Amino acid sequence: MGWRSNGSAAAAAVLLLVSLPAIAQDEPSTISLNGMGFTFDEALGASVNVAQVPGGSPGEVGPSAVGPGRLTFTLYGPRQEAAKVPRAFDAPGVVRFYRTADLAGHEWQSRQLADLRSLLDERPDLGRYTAAGEGGASLPLPFVLDGSAAQAIDARAHYIDTPDLAGIAYLTVFRQGLYPFAAGDFWYTFQGLSDDGEWYVAADFQVEADMFPAKVTKKDARRLGSTNRWIEYQEQSVQTLDGAAGEAFKPPLTSIDDLVRSIVTGSS
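For every chain, the first residue of its written sequence is number 1, and the numbers climb from 1 along that sequence. Owing to the predicted nature of the model, reporting of local features is limited to residues with pLDDT of at least 70; listing and counting of side-chain atom pairs is limited to 80 or more, with chain, interface and lining totals taken over all residues. By convention in this description, side-chain values take in all heavy atoms of the structure and omit both hydrogens and water.

We count a stretch as a helix when DSSP gives it H or I for four or more residues in a row; a strand needs E for two or more, and each element gets its number in order from the N terminus. Multiplying 1.5 Å by the residue count of a helix minus one yields the expected span of that helix. The end-to-end C-alpha separation of helix α5 (residues 227-243) is 24 Å, in line with the 24 Å expected for 17 residues at 1.5 Å each. Within the sequence span of α5, burial applies to W230, I231, Y233, Q234, S237, V238 and L241. Viewed end-on, α5 has its buried residues packed into an arc of 160°, placing them on one side of the element. For α5, the exposed residues lying more than 90 degrees away from the buried face are N228, Q239 and G243. Contacts between residues were defined by any pair of non-hydrogen atoms, one from each residue, lying within 4.5 Å. Buried-residue contacts for α5 involve α3 (127-130), β7 (150-161), β8 (165-175), β9 (186-194), β10 (199-209) and β11 (249-250). Relative accessibility thresholds used throughout: buried, under 20% of the residue-type maximum; exposed, over 50%; partly exposed, between the two (1.4 Å probe, protein chains only). By arc we mean the arc of the directions from the helix axis to the C-beta atoms, nothing more.

Written as C-alpha cells, this is what we have:
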C-alpha cells in the first residue's frame, strides 16, 4: 500500500514515548499532548509514540510525499525500553491531528477536507458509497493520506458525532488493481473535523476480518476476471462485513469506535 511510507517523517520527530504498565491494562488508558488525545483499551495497544511531524512541500505528490504537518499518535504493543519505536503504519493503529489551515496548498488533502465538509453538512445515506458502481468502482469516501491506492471496497460506513468532533468511519481495502481480499487486508478509518473546524482528525487501524481467507492466490483472482464477477464479489464482501458483529474483528471494531468517540482536540 503506497501511503504506508508516510510514516517515515513521524519517526524522525518523536516527542514522547509512553509505555503503559501491564498492571494498568485492565482499565482504559488515556494519552494527550497539548489538549489533543484520546482513551483506548488494551485491545488496541499497550504503548504510544507521540510525534510532531513537520510538513512537506505542497508540491510533493505520491506515496513518498511527506504531506501536511501533523501531530501523530502511534499505538503498538509492549516493548523493551531500549527497543526501536515502530514508525507510523508499521504499527497497527495511528491517530493524526492536522490543522485544517495547514492543508491549504496540498491538493489531495484539501480535496478530502472539502469532501468531508460536504458529507457532514449534507448527511447523505452512506450506503451509496458502499455499493459497487459502474465498472465495479464505488464512490470513494474521504481519506486524508495520499491517493496512490484506490479504495477497492468500503463497508460499515457510519457517522460518528461527539461534543468535540463529527466524522465518518468505515472499513476499506486499498488496491492498485482487482484482487480478492484476505483477512489481513482491511483497515478501519475515521475521518473527522473538530467542532470549531480547526482540526482534521484521522484514525487508521489495521483489522483482521477472519470471515475472509487468510491468503488469496492468483488462481482466486482469475475467478474474478470479469467486471460482473468483480461487482458480485464486492457486493457479497460488503454484505459479509456489514453482517458481522463488531467483536468478530481483531481488534474489535467496538474498541476502535470507543477510541474515536473519546478523541479531544481542545475545541470544546
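As a further point, take the pairing of β8. In terms of burial, β8 is a largely internal element, 11 of the 11 residues being buried. Burial along β8 is two-sided: the face carrying L165, G167, A169, L171, V173 and R175 and the face carrying A166, I168, Y170, T172 and F174 are both buried. In this structure, β7 lies alongside β8, joined through nine bridges in antiparallel fashion. Looking across to β8, one finds that A150 is bridged to R175. Two successive antiparallel strands, β7 and β8, enclose a turn made up of three residues. Pairing between two strands requires that DSSP report at least two bridges joining them. Sheet topology places β8 next to β9; eight bridges connect them, and they run antiparallel. By the bridge assignment, I168 is partnered in β9 with Q191.

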